[in-house]
Structure formats: C-alpha cells, structure tokens
Amino acid sequence: AQTVTQSQPEMSVQEAETVTLSCTYDTSESDYYLFWYKQPPSRQMILVIRQEAYKQQNATENRFSVNFQKAAKSFSLKISDSQLGDAAMYFCAYRSGGGATNKLIFGTGTLLAVQP
Amino acid sequence: GAVVSQHPSWVICKSGTSVKIECRSLDFQATTMFWYRQFPKQSLMLMATSNEGSKATYEQGVEKDKFLINHASLTLSTLTVTSAHPEDSSFYICSARDGGRPDVGEQYFGPGTRLTVT
C-alpha cells in the first residue's frame, strides 16, 4: 500500500524568507501524481501544485516550487518570498495514475506559521 | 472554473436525528466524488468514494449504514449521517473529479461542513 509521510508537524518562517516543507512517499507504482494542498484557517482545501511522476521537470507555480526526487521518493515544497497569507496547514498527497476512482492518500500535514 | 459547493456549511443536530449534507459540482460533471472526515488539527480521512449511478465504496471501518451516500446525478452527491451521536461531530469535506478531464489527477474540494451533534 502507498504511504505519505510528512515529518515536520510544524514549521515557521519569517516573512519574505524561503521555507521548504518535506514529504516522502512509498509506492511500487510507476504511474502516479503528487500534490501539495494548502488548508488555511477557513479549512477550504486549495491545490498549490501538482507533479506527474513521468515528468522529470520540477513543477513550479509562481512562488511555489517542488523538488521531485523520484528515486528517493521525495517531494518537497519550497515557498519563496513567504507571505502572511501562506500561513496554513500544508498536506502532501499521492494518487495512483489512471482510474477515475483512485483516491488521494494524504500525509499528516505540516502547520506553517509566517512571522511578520 | 472547477467549483464545488457544500450545504450546509454548519449544522447542529440533536443526538438520534439524521442530517444530510449536499455536495455539488457547479461547473463540471463529477462522475466520481469523495467524502472525507477531518478532526481538528488532523489530516483528511477518506470515508467513501461515490460514482454517479452506482453504490458507494466505503473505506474499511466506515459504517455504510450510518453514513449513507447517494450520487444520483453528475453534479450532486449527498452524505446522510443517520442516528447521529456526539462522536459523529466533525468536519466533513467532499471533493469531486472532473469527468471531462480524466487525464488530470486532481480533485476539487468543497468548503466543508461542520457537524455538531448535541
């Protein structure tokens, strides 16, 4: 079975600085997707970034980028120029490729605080 | 695009009663919807997967007779908590996959429903 591990329950970063959130996963599959979701205090889940496993290039979305190390099964999220609005719970998630009903497997989350 | 709504956003009910939560995809057809439960400061726990027109698939340990899921149309899934008890109090979140974009792996999440059972 696939598992997702986030080893940092809480992180803190100064405004305008850079922070990296860690995520590792375990799978024997070759076709899968990886995601980072943000859950602010409103509790609305927001997709931050998505990575297809077959793509070697790391995904980027403005200030958010990932370091996808397929062999090491690592998928870290880097937030550059941190803003107060980045404060939230961040969840790493895995999904098998193919199959419309394939479910998301979430990590336990990392609570990010942004200090002004 | 890709908006999912939930109703109600917050509901309080008495122990022993039933409560229904609706999940709607507003601008796409959702062939598959998912229901999650989240306790404070914890991750999302998948309860069940529902496909339009067929029975839901429940995760191990989830009582299907207590958490009734109906996915009667391509835009609506409902979760009914029957004979609610205080331990059912939680935050319930639905998500949906866009049936018109099967190549995209992401799910679109609703804003969640807070259930309080007194």
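Structure: see above.
Before going into details, it helps to say that this report is about the structure given with it. Given the structure is predicted, the values throughout are model-derived calculations rather than measurements.

Below, the discussion takes up the pairing of strand 9 (residues 74–79) of chain A. Residue and element names in this part refer to chain A. For strand 9, a buried count of five out of six residues is recorded, marking the element as mostly surrounded by other parts of the structure. Pairing geometry for strand 3 (residues 19–21) and strand 9, over three bridges, is antiparallel. Bridge pairing in strand 9 links Val-19 to Ile-79. Of the strand pairs in this sheet, strand 8 (residues 64–69) and strand 9 are connected by six bridges, and their pairing is antiparallel. If you follow Val-66 over to strand 9, its bridge partner there is Leu-77. Hairpin connection, strand 8 to strand 9: the antiparallel pair is bridged by four residues, and Lys-73 has positive phi, about 55°.

All names here are of chain B. Judged by pairing direction, the sheet is antiparallel, and its four strands sit side by side in the order 1-3-8-7 without closing on themselves. Of all strands in the sheet, those bounded by a partner on one side alone are strand 1 (4–7) and strand 7 (67–73). Taken over all neighbouring pairs, the strand axes of this sheet differ in orientation by 15° on average, direction set aside. Where strand 1 meets strand 3 (residues 19–25), four bridges bridge the pair, whose relative direction is antiparallel. Bridging from a neighbouring strand, Gln-6 pairs with Cys-23 of strand 3.

Taken together, the contacts link 26 residues of chain B with 21 residues of chain A. Summed over both sides, the interface of chain B with chain A buries roughly 1800 Å², with 51% coming from carbon and sulfur. Remark: the boundary between chain B and chain A carries one salt bridge. Between Lys-103 of chain A and Glu-59 of chain B there is a salt bridge, with its nearest N and O atoms 2.7 Å apart. Joining chain B to chain A, the criterion identifies seven residue pairs in polar contact (both at pLDDT 80 or more). If you list the elements that add at least two residues to the side of chain B that touches chain A, you get strand 4 (30–38), strand 5 (44–51) and strand 9 (90–98) of chain B. By residue class, the composition of the side of chain B that touches chain A is 11 nonpolar, nine polar and six charged.

The subject of this paragraph is the pairing of strand 7 of chain B. Residue and element names in this part refer to chain B. Note that strand 7 and strand 8 (residues 76–81) share five bridges and pair antiparallel. By the bridge assignment for strand 8, Ile-69 is matched with Leu-79. Linking two consecutive strands that pair antiparallel, namely strand 7 and strand 8, is a turn of two residues.

Time to look at the state of the cysteines. Disulfide: a covalent bond connecting the sulfur atoms of a pair of cysteines. In the structure shown here, the tally under the stated rule is two disulfides over all chains. Across a sulfur-sulfur distance of 2.0 Å, Cys-23 of chain A and Cys-92 of chain A are joined as a disulfide pair. Residues Cys-23 of chain A and Cys-92 of chain A are joined through a disulfide that is left-handed, its torsion about the S-S bond being -70°. Taken together, the residues Cys-23 of chain A in the loop between strand 3 and strand 4 (24–26) and Cys-92 of chain A in strand 10 (residues 88–96) connect sequence positions 69 residues apart. Note on accessibility: Cys-23 of chain A and Cys-92 of chain A belong to one class, buried. There is a disulfide in this structure between Cys-23 of chain B and Cys-94 of chain B, and the S-S distance comes to 2.0 Å. Here the disulfide of Cys-23 of chain B and Cys-94 of chain B is right-handed, its torsion about the S-S bond being about 80°. With a gap of 71 residues between them, Cys-23 of chain B in strand 3 and Cys-94 of chain B in strand 9 connect regions that are remote in the sequence. On the basis of relative accessible area, Cys-23 of chain B is assigned to the buried category, the value being 0%. Distance from the sulfur of Cys-13 of chain B, which forms no disulfide, to the nearest cysteine sulfur (Cys-94 of chain B) is 18 Å. For Cys-13 of chain B, a relative accessible area of 9% translates into the label buried.

What counts and what doesn't
Residues numbered from 1 in each chain as written. Chains lettered and ligands numbered in written order. Predicted model: local features only at pLDDT ≥ 70, side-chain atom pairs only at ≥ 80, totals over all residues. Heavy atoms only, no water. Buried < 20%, exposed > 50% of the residue type's maximum accessible area, 1.4 Å probe, protein only. Helix = DSSP H or I, 4+ residues; strand = E, 2+ residues; numbered from the N terminus. Pairing = 2+ DSSP bridges. Axes fitted to C-alpha atoms, helices over the stretch in contact; angles between N-to-C directions. Contact = heavy atoms within 4.5 Å. Buried area = accessible area lost by both parts, 1.4 Å probe. Salt bridge = Lys/Arg side-chain N within 4 Å of Asp/Glu carboxyl O. Polar contact = N/O pair within 3.5 Å; in protein donor to acceptor, adjacent residues only side chain to side chain. Nonpolar A, V, L, I, M, F, W, Y, C, P; charged D, E, K, R; others polar. Disulfide = S-S within 2.5 Å.

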